[in-house]
Amino acid sequence: MMEKIIPSIILIVIGILFFINNKNIGEGAAKFYQWFYTEERLKIMFKIAGMVLIVGGVLILVLK
């Protein structure tokens, strides 16, 4: 049971950080990759990545 709980908690926490802190992450990454990505697109990508991590963490907890 613990082998599922610890990775799922880590994924959920990282997902929440990406989802909530997407503006700060997007601003910093946009400065670094401004020739390749726009700030708005990065914010959307970090939100999507956060949601995928949250769902992955919940699925690990729920599924056997």
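This structure is a prediction, so every number in the text was calculated from the model and none was measured.

1. Details of the packing of helix 2 (residues 22-32) against helix 3 (residues 39-62)
Remark: helix 2 packs on helix 3, axes separated minimally by 8 Å, with the N-to-C direction vectors making an angle of 135°. Taken together, the axis directions place helix 2 and helix 3 in an arrangement best described as oblique. Both helix 2 and helix 3 take part in a crossing whose hand is right-handed. Contacts between helix 2 and helix 3 involve N22, K23, I25, G26, E27, A29 and A30 from the former and E39, L42, K43, F46 and K47 from the latter. In terms of residue class, the contact of helix 2 with helix 3 is made up of five nonpolar, two polar and five charged.

2. A closer look at a nonpolar patch on the surface
A cluster of nonpolar side chains, namely I16, F19, I20, M51, V55, V58, L59, L61, V62 and L63, defines an oily patch on the protein surface of about 900 Å² accessible area. Of all elements in the fold, only helix 1 (2-20) and helix 3 reach the threshold of two or more residues within the nonpolar patch. The biggest single contributor to the nonpolar patch is helix 3, with six residues. Along the chain, V58 turns up in helix 3.

Calculation criteria
- Residues numbered from 1 in each chain as written.
- Predicted model: local features only at pLDDT ≥ 70, side-chain atom pairs only at ≥ 80, totals over all residues.
- Heavy atoms only, no water.
- Axes fitted to C-alpha atoms, helices over the stretch in contact; angles between N-to-C directions.
- Helix = DSSP H or I, 4+ residues; strand = E, 2+ residues; numbered from the N terminus.
- Parallel < 35°, antiparallel > 145°, perpendicular 65-115°, else oblique.
- Left-handed = near helix turned anticlockwise from the far one by under 90°.
- Contact = heavy atoms within 4.5 Å.
- Nonpolar A, V, L, I, M, F, W, Y, C, P; charged D, E, K, R; others polar.
- Patch = residues over 30% accessible without salt bridge, like charges linked within 9 Å, V, L, I, M, F, W, Y side chains within 5 Å.
- Areas by Shrake-Rupley, 256 points an atom, 1.4 Å probe, with all protein chains shown as cover.
- Salt bridge = Lys/Arg side-chain N within 4 Å of Asp/Glu carboxyl O.

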